[in-house]
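Residues per chain are reported as follows:
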Amino acid sequence: MAERRKGLLLVMAGPSGVGKTTIVHEGIRRLGGEFSVSATTRARTERERDGVDYHFVDQETFQRWIDEGRFLEYAQVFGRSWYGTLQSQVEHALGLGKLIVLDIDVQGAKNVKQRMPGAFTVFVLPPDEQALLKRLRGRGREAEAALGRRFAEAKTEIAFAKTSGVYDAFVVNDALEIAIDQVCDLVRARV
């Protein structure tokens, strides 16, 4: 009988605007992984699809899922919306020997690493602070005051990531294709 391949939980984190979501989706395409769809209480945008981009739920449902122990990790982000990783999806993919990828915030990555020490954690860094600020402005999603808060939070997240011991690897996204290649190489080496 053939031995079943062991699955891998890849946890990708990094500050807003660093390009981690693009890296995650291209890495999944190249490696044949599965994206872990988080649950959230935030409103769905026009382009997002429920069950594909997120599981969009109301506050009451999210709280019930917390109470039922359905989350591997969950957190309130920027004091507004709640986000959480459904443990059942992660366990199912790992049980099938798949690569399952989480695109989560710094606190979520810390919580996952504590609960699942075998998870492979990668932090995506900007080439420098000014490049990150330029990327955040280029997204055009926020007013300047909100942008300032997000940039300050990003600097805090980077400092934490570098000193926390949570991350197994760091990748600098200076050139997107190179960063994607580096993440894919790291995952292949880990598997």
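The following paragraphs examine the structure supplied in this document. Because the structure is a prediction, the values reported are computed rather than measured.

**A look at the overall build of the chain**
And then number 1: Along the backbone of the chain there are seven helices and nine strands.
And then number 2: Computed over C-alpha atoms, the radius of gyration of the chain comes to 17 Å, within 12% of the 16 Å expected from 2.2 N^0.38 for 191 residues, which places it in the range of a compact globule.
And then number 3: Residue burial in the chain is summarised as follows: out of 191 residues, 47% are buried.
And then number 4: Look at the contacts in the chain between residues 6 or more apart in sequence, and 64% of them connect residues 24 or more apart.
And then number 5: When the accessible area of the chain is evaluated, it comes to approximately 10,500 Å², of which 49% is carbon and sulfur surface.
And then number 6: For the chain, the centre of its 28 positive side-chain charges and the centre of its 26 negative side-chain charges are spaced 2 Å apart.

**Structural notes on the packing of aromatic side chains**
And then number 1: Within the structure shown, the criterion is met by ten aromatic pairs.
And then number 2: Residues F71 and Y74 carry aromatic rings whose centres are separated by 5.9 Å and whose planes lie at 50° to one another, so their mutual orientation is tilted.
And then number 3: Judged by relative accessible area, which is 35%, Y74 ranks as partly exposed.
And then number 4: Here the aromatic rings of F123 and Y167 are separated by 5.1 Å at their centres, their planes lie at 65°, and the arrangement is edge-to-face. Placement of the pair is F123 in strand β8 (residues 120-125) and Y167 in the loop between α6 (144-164) and β9 (169-172), with a sequence separation of 44 residues.

**Side note on the side chain of T85**
And then number 1: Here T85 shows up in strand β6 (residues 81-86).
And then number 2: Relative accessible area serves as the criterion here: at 0%, T85 is assigned to the buried category.
And then number 3: A polar side-chain atom of T85 sits 2.6 Å from a polar atom in the side chain of E73.

**Some remarks on the sheet that holds β8**
And then number 1: In spatial order, the strands read β2-β7-β1-β8-β9; together these five strands make up an open sheet with parallel pairing. The strands lining the two open edges of the sheet, one partner per strand, are β2 (34-35) and β9.
And then number 2: In this structure, strand β1 (residues 8-13) lies alongside strand β7 (residues 99-103), joined through five bridges in parallel fashion. Note on β7: the bridge partner recorded for L10 is V101.
And then number 3: In this fold helix α4 (residues 106-115) packs onto β1, β7 and β8, with an angle of close to 155° to the strand it touches most, β1.
And then number 4: Sheet strands in contact with α6 are β8 and β9, and its direction is about 135° off that of β8.

**Some details on α4**
And then number 1: Three or more residues of α4 are buried, namely V106, G108, A109, N111, V112 and K113.
And then number 2: In this fold, the buried residues of α4 make contact with β1, β5 (71-77), β7, β8 and α6.

Calculation notes
- Residues numbered from 1 in each chain as written.
- Predicted model: local features only at pLDDT ≥ 70, side-chain atom pairs only at ≥ 80, totals over all residues.
- Heavy atoms only, no water.
- Helix = DSSP H or I, 4+ residues; strand = E, 2+ residues; numbered from the N terminus.
- Rg over C-alpha atoms; globule rule 2.2 N^0.38 Å.
- Buried < 20%, exposed > 50% of the residue type's maximum accessible area, 1.4 Å probe, protein only.
- Contact = heavy atoms within 4.5 Å.
- Areas by Shrake-Rupley, 256 points an atom, 1.4 Å probe, with all protein chains shown as cover.
- Lys, Arg positive; Asp, Glu negative; His and termini not counted.
- Charge placed at Lys NZ, Arg CZ, Asp CG, Glu CD.
- Phe/Tyr/Trp six-rings, centres within 6.5 Å; stacked < 30°, edge-to-face > 60°.
- Polar contact = N/O pair within 3.5 Å; in protein donor to acceptor, adjacent residues only side chain to side chain.
- Pairing = 2+ DSSP bridges.
- Axes fitted to C-alpha atoms, helices over the stretch in contact; angles between N-to-C directions.

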